[in-house]
Structures are given as structure tokens and as C-alpha cells.
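Coordinate inspection notes
Below are the chains, spelled out letter by letter.
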Amino acid sequence: MTIIDNTIRFVKQQLENAEGGHDWFHIERVYKNALLIAQEETCDLTVVKLAALLHDIADSKFHDGDENIGPKTARNFLESQNVSEEIIQHVIAIIENISFKGGNFEKEFHSKELEIVQDADRLDALGAIGIARAFNYGGFKNRPLYNPNIQPKLGMSKEEYKKSEAPTLNHFYEKLLLLKEKMNTETGKKLAEQRHAYMQGFLSQFYAEWDGEK
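The following paragraphs examine the structure supplied in this document. Quick caveat: nothing in here was measured; it's all calculated off a predicted structure.

Examining the overall build of the chain
A tally of helices and strands in the chain yields 10 helices and zero strands. Overall, the chain shows an N-to-C arrangement of helices and strands of α-α-α-α-α-α-α-α-α-α. Computed over its C-alpha atoms, the radius of gyration of the chain comes to 17 Å, within 12% of the 17 Å expected for a compact globule of 214 residues. Dimensions of the chain, computed from the C-alpha atoms along their principal axes, are close to 60 × 35 × 30 Å. Considering only contacts in the chain between residues 6 or more positions apart, those separated by 24 or more positions represent 65%. Total accessible area on the chain stands at roughly 11400 Å², and carbon and sulfur atoms take up 47% of it. Computed over 26 positive and 34 negative side-chain charges, the inter-centroid distance for the chain is 2 Å.

Spelled out as C-alpha cells, the structure:
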């Protein structure tokens, strides 16, 4: 079996009981998105594949906010597969710098591979699947769908963003609708435009139904 085959098997095992928006199927979609974007970019495809597969191997949201457990889990696995230290460091750097974290997080690492995997991950937070994932996670955290008395909070710090318990609809304004302007690649930007428009249509319909309009 190849390193990619082994990684897929490992990730499936690790995320067997994961929350529905951060499970193996999320990883699979990000992986497919990354391969699609990579077709138009000059990159190290092995790094892209491994980073896409391992980017959410242990999301801090589900591990008491521990941001080290994901990179550590990924490193331990890659070392067990005798992957070169150069590739391991690159994959770990992508995992450490991929997240939105309130939108104010300054990346400390830059590479074309990070841009590709970050776009692939952000695309899965947009469109119909992005909507489904947002409400699935909101239900998982027992958050209200919407509360017109609680306004979205923009420009949150990383810590404020991590601790937020706002209604799910606020998440659209605090993150999802901001992603279109943060895409890195041309392919990512084009796909984000389509999915962004779909979410705007959803919000218009949501408010109309909430207000009892015909």
C-alpha cells in the first residue's frame, strides 16, 4: 500500500466517531477539492495530499482547545510511515496555519501547498455543505438557530472566536461570508463565488420565513 492509502486508512480510523461536520467525509471532500485546485497550480502533490488528509486529524475544538494535539498526532503517524522530515515539517506547518481562528490570525508560514489545502478546506465551509455543517455543529453544541437580539461580533480575537457560543446564524457573518475574499488560488476564488452566492440566497429565504413573509 502507498503512503496515501495508509493515511486514508489511518484517518478513517481516527475519525470514526467524529462530529458530522468534521468526520471522514469532510476530509474526503477537502481532499477532492485540493486535488481539483492542484491541477491548476505548480505544487508538491504529495504534500498537498497528506496535508489535506491530516489537516483535521485532531481538531482542537474537540480536544479542549489543545492546538498541539493535531500536529503531534500527524507527526507521530508520518514518522511511523518513514516519511522524510522535510515533508513532515511542511505538512505540520500547513496544519498549524490552515484554520480561520477569527480571521485575525496572521499566518507564520507560507507555501503554495498551504494555499491549496486552505482553499480546499474553506470551500467545504461554503455553499450547501457549508450550511449543513454549520447547523450540524450548532446542534452538536446545542446552540440556537438564530436570535435576532444577539448580533454577530466581527473582528473577534482568536480566543474570543474559540469561546463563542453565539447562535449558528451569526457564524455566517463571523466567518462563512468572509471566506470568499480570503481565498488564495484562482480556482478557489471561482468556486467560492458560486458557493457564497448560494449562501446569500439561503439567508434571504431564512429571514423571510422567520418573519412570516409570503
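Notes on the packing of aromatic side chains
Under the defined criterion, the tally for this structure stands at 11 aromatic pairs. Arranged with centres 6.1 Å apart and planes meeting at 25 degrees, the rings of Tyr137 and Phe140 form a pair that is stacked. Taken as a pair, Tyr137 and Phe140 lie in helix α7 (residues 127-140) at a separation of three residues, close to a single helical turn. Here Phe140 falls in the partly exposed class, since its relative accessible area comes to 49%. Look at Tyr146 and Trp210: their rings are 4.7 Å apart centre to centre, the planes differ by 75 degrees, and that puts the pair in the edge-to-face class. In this pair, Tyr146 is assigned in the loop between α7 and α8 (158-163) and Trp210 in helix α10 (residues 186-210), connecting sequence segments 64 residues apart. Trp210 gets classed as partly exposed once you look at its relative accessible area, which sits at 42%. Site record: aromatic cluster; members linked through ring pairs are Phe135, Tyr146, Phe172, Phe202, Phe206, Tyr207 and Trp210.

A look at helix α3 (residues 45-54)
Taking burial as the measure, the 10 residues of α3 include seven buried ones, the bulk of the element. All of the buried residues in α3 are Val47, Val48, Leu50, Ala51, Ala52, Leu53 and Leu54. The inward-facing, buried residues of α3 contact α1 (3-14), α2 (24-38), α4 (69-80), α5 (85-97) and α6 (112-123). Backbone nitrogen of Thr46 and a side-chain oxygen of the N-cap are separated by 3.1 Å at the start of α3; the cap is Asp44.

As for the pattern of salt bridges
Taken as a whole and assessed by the stated rule, the structure comprises eight salt bridges. Linking Arg29 and Asp124 is a salt bridge whose minimum nitrogen-to-oxygen distance equals 2.7 Å. Linking Arg29 in helix α2 with Asp124 in the loop between α6 and α7, this pair joins segments that are 95 residues apart in sequence. By sharing partners, the salt bridges in this structure join Arg29, Asp124 and Arg133 into a single network.

Observations regarding the nonpolar core
A general tendency of soluble globular proteins is for nonpolar side chains to be buried together. With 53 residues, the main nonpolar core has Val11, Leu54, Leu78, Val91 and Phe172 as its most contacted residues. Setting aside chain neighbours within four positions, we find Leu78 in contact with Leu50, Leu54, Val83, Ile88 and Val91.

Reading the values: rules and limits
Residues numbered from 1 in each chain as written. Predicted model: local features only at pLDDT ≥ 70, side-chain atom pairs only at ≥ 80, totals over all residues. Heavy atoms only, no water. Helix = DSSP H or I, 4+ residues; strand = E, 2+ residues; numbered from the N terminus. Rg over C-alpha atoms; globule rule 2.2 N^0.38 Å. Contact = heavy atoms within 4.5 Å. Areas by Shrake-Rupley, 256 points an atom, 1.4 Å probe, with all protein chains shown as cover. Lys, Arg positive; Asp, Glu negative; His and termini not counted. Charge placed at Lys NZ, Arg CZ, Asp CG, Glu CD. Phe/Tyr/Trp six-rings, centres within 6.5 Å; stacked < 30°, edge-to-face > 60°. Buried < 20%, exposed > 50% of the residue type's maximum accessible area, 1.4 Å probe, protein only. Polar contact = N/O pair within 3.5 Å; in protein donor to acceptor, adjacent residues only side chain to side chain. Salt bridge = Lys/Arg side-chain N within 4 Å of Asp/Glu carboxyl O. Core = buried A, V, L, I, M, F, W, Y, C linked by side-chain atoms within 4.5 Å.

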